[in-house]
Amino acid sequence: MASVTALVLLLLAFAGGLVCGNHTYIVYMNPAHRPAVHPSQADWYAAHLQSLDIDPGRHLLYAYSDALHGFAASLLPHHLDLLRRSPAVVHLHPDPVLRLHTTRSPQFLGLAPDASSSAAVPRPIQAVEAASRDVFIAVLDTGVWPEVPSFSAAAGLPDVPSRWRGACEAGVDFSPSLCNHKLVGARSFSRGFRAAVTAAGDGTVRGKPKEYDSPRDRDGHGTHTASTAAGSAVANASLLGYATGTARGMATAARVAAYKVCWASGCFGSDILAGIDAAISDGADILSLSLGGGSTPYFRDTIAIGAFAAAERGIFVSCSAGNSGPGPATLANGAPWIATVGAGTLDRDFPATAHLGNGARYTGVSLYSGKGMGKKLVPAVYGGGRSNASKLCLADTLDPARVRGKLVLCDRGVSARVEKGAVVKAAGGAAMILANTAANGEELVADSHLLPAVAVGKKEGDLIRQYITTNPRPRGVLSFGGTVLGVRPSPVVAAFSSRGPNPVSPQILKPDFIGPGVNILAGWSGSVGPTGLIKDGRRTQFNIMSGTSMSCPHISGVAALLKGAHPNWSPAAIKSALMTSSYVLDNTNSPLRDAAGGSVATPFAYGAGHVDPQRALSPGLIYDITADDYIAFLCSLNYTIPHIQAITKRPNVTCSRRFSDPGNLNYPSFAVGFGKKSRVVKYRRELTNVGSASSTYEAKVSGPGGVAVTVKPAKLMFKHVNQKLKYSVTFASKERGRSAGTAFGWITWSNSQHKVRSPVAYTWKM
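The rules behind each value
Residues numbered from 1 in each chain as written. Predicted model: local features only at pLDDT ≥ 70, side-chain atom pairs only at ≥ 80, totals over all residues. Heavy atoms only, no water. UniProt positions renumbered as here; feature names shortened; annotations may be inferred. Core = buried A, V, L, I, M, F, W, Y, C linked by side-chain atoms within 4.5 Å. Buried < 20%, exposed > 50% of the residue type's maximum accessible area, 1.4 Å probe, protein only. Helix = DSSP H or I, 4+ residues; strand = E, 2+ residues; numbered from the N terminus. Axes fitted to C-alpha atoms, helices over the stretch in contact; angles between N-to-C directions. Parallel < 35°, antiparallel > 145°, perpendicular 65-115°, else oblique. Left-handed = near helix turned anticlockwise from the far one by under 90°. Contact = heavy atoms within 4.5 Å. Nonpolar A, V, L, I, M, F, W, Y, C, P; charged D, E, K, R; others polar. Disulfide = S-S within 2.5 Å.

The name an unreviewed UniProt entry assigns to the protein chain is Subtilisin-like protease, from the organism Ensete ventricosum. As recorded by UniProt, the Sequence similarities (unreviewed entry) comment attached to the protein chain reads in full: "Belongs to the peptidase S8 family."

Structure, rendered in structure tokens:
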């Protein structure tokens, strides 16, 4: 009750300062116009608003300093013209609303011993674990539930390094004493959220539970991602008996700080920028953001803008690609200074079986942990309502008289998977089969349903649909198989994982790579059950979730390990090491496959491949990129100077240097576009030797026969460490009149110790 009262009072107090009709905008300022009389940027922003007859006390939400030159303000329509006419204002846009991209993974990545194997953790990984204790990971998400044992300070973890400037903020049900040597910071940013709630007119978020006005995590998503990145090892962890074992983050010695920027109605750009601003100031080394929006130019992309400032400070930024797959050009967070992470499966599964009255058995997955159905077959129904919407088991579509006591078949899609189970249970159904449609193919995602339930792929789903709709007395029963390890093939690209080509800058191949993102066990909020549904009264310290939200913190944690091992590497160098060392063969030694249809996956789905932390520790060569290189890239996109100034925080940008083609950025991958008049594309790259002092590498090209690829020189001879050598590569399409399409290949620089591999994506547009 105290937390609810505090939030209501907070909202009412905030609403009193706003006028109906306000909308939040992010305003970018040119610091060259700042008068010397103002001691700080914040003072100048307030004074500038005052000079335009805009009361900063009522309208100013945030004054940014590190993430960008500018502020967020709740403005009336006539304020916009005043600001646009001001010569000090570079650019402004509405506050965007972004969304979340929702224990075996350490073993799968080779970061922890496998209980089924006598093999020890490789010594390089052990040494890196110790070095990562000086690395700080900032997780921007829904906050943290600090009582989860993943955030306990492990024995031997030394004092927090003095360079850390973060803090644990007091708030509703959150005391600063909850932080320790592991959880070193916790802050919350809600002004954008509160302004939007107030602008809605009633001070509430309809249909959503109340929020904690503090860093405490009501949702569970932030606790899950933070513990995945850097949680301490916790023995005997499980979700209600599933995935039992030791749960641990990727970098168990690294420090983690939680920045709550996401709320019941979404993640507001103004709050995200405030979180990035604080994380940079606090001294973070890694930023982890499992959230995003649609594709938008970089000068309107708040994550891209904040990430640019972070990267320029030497901070690695990892972001989820999104869960809008398997369609093409669906990914978010595609800026080249961001590590864009797709999702793959683990070699662990949670099998469950649907037994039908005709003797057929169809295997799927489930995390149901309650009382089973027994062995007796029960009547089955598909479309237990008056409309086709009942086949999707949407709210209020099922007729209790038709589904009571029955096994209900539901199509996947439109509503949340666990919500369908709740609808079936509320209508009196005994159990549920959740069947994929074409959109999800054979991808299987396990859920902790409120009633006996199994998820099956499209092929099995079609057979079950046919049986129930053609048999006069369809019947079935479900059984559950617990946890199974050693699943083959794995990894497989998740069908939901968003895909390239890059919708904003197609010359940059995205995603960069994939990591574990399906059925991941990690810490959970004590405020909500494992389904996240209000009616779920179960509580557990760990939960199993899927999404690129889960793969992103895996990469954040692995990046922390690389930062500990190579503290002087730039963010681009770390990303390069992860990309060029990734693998593209599964545990059956076959090419990675796509769960959407079972076909061989492509770099538009997995980027450079699946990350391999051990190989990334010693990549041999890296593709490095500076902030000036990124600016030359932005100039080559033909953005206006004010737009580039807004992204880069540099008031004196002139674009005197620009690439002839955006694809000439020194990126570790290639995206080559051919057209009717452009059948030859030439790109340049530069490699830095981070291996042995005297090293020689030779280039090897593989790919489609319809493209001639020439690398010059074909041999690079390095004489010392950190030496840089350049090469060019020419791609020539040999097929005249070819129809539109895609193909893929590789360019690999190799010697006896290293293979530095870059994917190449070819696109023909005719």
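Asker: Help me understand the nonpolar core in this model?
Answerer: One broad rule of soluble globular proteins: the nonpolar side chains tend to lie buried together. If you look at the biggest cluster of nonpolar residues, it comprises 114 residues, and the most contacted ones within it are Leu287, Leu289, Tyr298, Trp337, Leu578 and Leu634. If you tally residues by element for this core, the top one is helix 10 (residues 302-312), at eight residues.

Asker: How should I be thinking about the packing of helix 14 (residues 548-565) against helix 15 (residues 571-580) in this particular structure?
Answerer: Each pair of packed helices can be described by the angle between their axes along with the distance between the axes. Orientation of helix 14 relative to helix 15, taken along the N-to-C sense of each, is 110°, at an axis distance of 10 Å. As far as their axial angle goes, helix 15 and helix 14 are roughly perpendicular. Regarding helix 14 and helix 15, the two cross each other, and that crossing is right-handed. Contacts from Ile555, Val558, Ala559, Leu562 and Lys563 of helix 14 reach helix 15 at Ile574, Ala577 and Leu578. Residues that form the contact of helix 14 with helix 15 fall into these classes: seven nonpolar, no polar and one charged.

Asker: Which parts of the structure should I look at to understand the state of the cysteines?
Answerer: Note on terminology: disulfide describes a covalent bond linking the sulfur atoms of two cysteines. If you walk through the whole model with that rule in mind, you get four disulfides. Covalent S-S linkage joins Cys168 and Cys179, the inter-sulfur distance amounting to 1.4 Å. A torsion of -80° about the S-S bond marks the disulfide between Cys168 and Cys179 as left-handed. Here the residue Cys168 occupies a position in the loop between strand 6 (136-141) and strand 7 (183-188), and Cys179 occupies one in the loop between strand 6 and strand 7, the gap between them amounting to eleven residues. Exposure class is identical for Cys168 and Cys179. Each is buried. Disulfide partner of Cys262: Cys267, at an S-S distance of 2.1 Å. Since a negative S-S torsion denotes a left-handed disulfide, the Cys262-Cys267 link at about 110° is right-handed. The exposure class assigned to Cys267 is buried, which follows from its relative accessible area of 1%. Taken N- to C-terminal, the disulfide-bonded cysteines of the protein chain are connected 1-2, 3-4, 5-6, 7-8. Distance from the sulfur of Cys319, which forms no disulfide, to the nearest cysteine sulfur (Cys552) is 6.0 Å. Residue Cys319 is classed as buried on the basis of its relative accessible area of 0%.

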